[in-house]
Amino acid sequence: MGILEEVNASYEKLSPVQKRIADFIFKYPDQVCFYSLKELSETLGVTEVTILRFTKKIGAQSFDGLNRIADHVGGIRFGDHDKEEMFQEFVANEKNVIAKTFEQVSLKDILSAVAIIRQSRKIYVVGSELVTGLCAYTTRRLLTLGLEALDLSNLSRALYNNYLAHATPEDCAIIFSAPGYAKHIVNTARYLDKKKIPQIAITDQRTSPIASYGTTVFTCNNHDLFFYNSVMGYMSVANALIYFSAMDNPEETNKRRGRLSEVRSAIGSIDFVKDGL
């Protein structure tokens, strides 16, 4: 087994810091192959000793060996490959992300989170950058169930702060946080915890900065063949929460959806009224 295969095979056994180093190499091989030890250390915010230990752990004899691995990864990524083999590898990884995610998710936790969602006056959906699309998707699905949900991910900071200033313990927040861990998202989790507002934290590991503030915490596998993170696991957990929120009380869900239909019928679609009519 080659070094790259060994890294992939033992990825889940790597420490969080070692995973971050491995992910960075796979994401930016064309840069890493030219980095000095000091430059890579400063870029990742880890010590040079940490990088050297990682180097030995994956079987490279020196930092120069790590550079060569990065160069090799770049060649693999952008080289000429058998498309069928690439497709099968991609499908296998997507399936593995879902399988690994649900190895860490229990029905008890899903139902606990659903109880929080169903009992809340308003649901704030929070995230940034990579997960903003997921925030929009989750919010739209919750609104379709007749629940009062608000996507904060694409708001100006002024509006973001204003909405959270009015949040109460009768509300809840669904917070998505991927590695990189945006500082304002961590600060948001800390603030909501101080206000005793229930939080459903969806992140990559128990040591994630937002995990300690979660009323219910879901950890998702985020391995990707090309990019730094995959949100496939996050999406699947969100889908599970939405599905069980709908099925927890079908009669109440139908009533809420009925009220939405009544409003749509009364207001109509987005059309312009012609002058004089």
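Chains are numbered independently. Their residues run from 1 in the order of the written sequence. With pLDDT at 70 or above as the cut-off, local features in this predicted model cover only qualifying residues; side-chain atom pairs require 80 or more to be listed or tallied, and sums for whole chains, interfaces and linings still use all residues. Note that the side-chain values use all heavy atoms of the structure and ignore hydrogens as well as water.

*Asks:* Before we go on, may I ask you to explain the pairing of strand E5 (residues 216-219) in this structure?
*Replies:* Residues in a regular strand project their side chains so that they alternate between the two faces of the sheet. On E5, burial covers both faces: Thr216 and Phe218 on one face and Val217 and Thr219 on the other are all buried. When strand E4 (residues 199-203) meets E5, the two strands line up parallel, connected through four bridges. Pairing of Ile200 across the sheet is with Thr216, part of E5. Buried means the residue's accessible area, taken with a 1.4 Å probe over protein chains only, is under 20% of the maximum for its type, while exposed means over 50%, and partly exposed covers the values in between. In this text, helices come from DSSP runs of H or I with a minimum length of four residues, and strands from runs of E with a minimum of two, each type numbered from the N-terminal end. The pairing criterion is simple: DSSP has to find at least two bridges between the two strands.

*Asks:* Would you explain the packing of aromatic side chains in this entry?
*Replies:* What characterises a pair of aromatic rings is the spacing of the ring centres plus the angle enclosed by the ring planes. Two aromatic rings, drawn from Phe, Tyr or Trp (for Trp, its six-membered ring), form a pair once their centres lie within 6.5 Å of each other, and the interplanar angle then sorts them: stacked below 30 degrees, edge-to-face above 60, tilted otherwise. Under the counting rule described, the total for this entry stands at one aromatic pair. With a centroid separation of 5.2 Å and 85 degrees between ring planes, the pair formed by Tyr243 and Phe244 is classed as edge-to-face. Taking relative accessible area as the criterion, Phe244 reaches 29% and is therefore assigned partly exposed. The cationic tip of Arg157 hangs over the ring face of Tyr160; the distance from NZ or CZ to the ring centre is 5.8 Å. Charges are assigned to positions over rings by a cutoff of 6 Å between ring centre and Lys NZ or Arg CZ, combined with an angular limit of 35 degrees from the ring normal.

*Asks:* Can you walk me through a negative patch on the surface in this structure?
*Replies:* Excluding any residue in a salt bridge, patches collect residues exceeding 30% relative accessible area, merging like charges within 9 Å and nonpolar Val, Leu, Ile, Met, Phe, Trp and Tyr side chains within 5 Å. Using a 1.4 Å probe, the Shrake-Rupley method yields the accessible areas, and only the shown protein chains count as cover for residues. When a carboxyl oxygen of Asp or Glu is within 4 Å of a side-chain nitrogen of Lys or Arg, the pair counts as a salt bridge. His is not counted, nor are the chain ends, whereas Lys and Arg count as positive and Asp and Glu as negative. Taken as the charge centre is NZ of Lys, CZ of Arg, CG of Asp or CD of Glu, depending on the residue. Where like charges cluster on the molecular surface, the negative patch consists of Asp82, Glu84, Glu85 and Glu89. Structurally, Glu89 can be placed in helix H7 (residues 83-102). When its relative accessible area of 46% is taken as the criterion, Glu89 is described as partly exposed.

*Asks:* Honestly, the nonpolar core in this entry has me stumped. Any pointers?
*Replies:* Nonpolar side chains in soluble globular proteins tend to be buried together. Buried Ala, Val, Leu, Ile, Met, Phe, Trp, Tyr and Cys residues form a nonpolar core when they are joined through side-chain atoms within 4.5 Å. Judged by nonpolar contacts, the single largest core of 30 residues is most densely connected at Ile123, Leu142, Phe176, Ile200, Ile202, Phe218 and Leu241. Counting only elements with at least two residues in this core, the list comes to helix H8 (107-119), strand E1 (123-126), helix H9 (132-144), strand E3 (172-176), E4 and helix H12 (232-248). No other element matches H12, which puts seven residues into this core. If sequence neighbours within four positions are ignored, Ile200 has contacts with Ala113, Ile116, Ile117, Ala173, Ile174, Ile175, Thr216, Phe218 and Leu241. Core analysis: the next-biggest nonpolar cluster, separate from the first, contains 20 residues, Leu150, Ala167, Ile175 and Leu192 among them. Contacts were defined at the residue level, with two residues in contact if any of their heavy atoms lie within 4.5 Å.

*Asks:* Please explain the packing of H7 against H12 as it appears in this structure.
*Replies:* Pairs of packed helices are described in terms of their axes, by the angle between the two and the distance that separates them. Relative orientation of the contacting elements H7 and H12 amounts to 55 degrees, with a least axis distance of 9 Å. Our classification of the angle between H7 and H12 gives oblique. The handedness of the crossing between H7 and H12 comes out as right-handed. Here H7 contributes Glu94, Val97, Ile98, Thr101 and Phe102 to the contact with H12, which in turn contributes Met232, Gly233, Ser236 and Val237. Here the residues of the contact of H7 with H12 sort into five nonpolar, three polar and one charged. Here the axes come from fitting lines to C-alpha atoms, over the contacting stretch only for helices, and the angles between their N-to-C directions go from 0 to 180 degrees. The scheme is simple: roughly parallel for angles under 35 degrees, roughly antiparallel for over 145, roughly perpendicular for 65 to 115, oblique for anything else. Here is the rule for handedness: rotate from the far helix to the near one, and if that takes an anticlockwise turn smaller than a right angle the crossing is left-handed, while a clockwise turn gives right-handed. As a working rule, the residues Ala, Val, Leu, Ile, Met, Phe, Trp, Tyr, Cys and Pro are called nonpolar, Asp, Glu, Lys and Arg charged, and the rest polar, with Gly in that last group.

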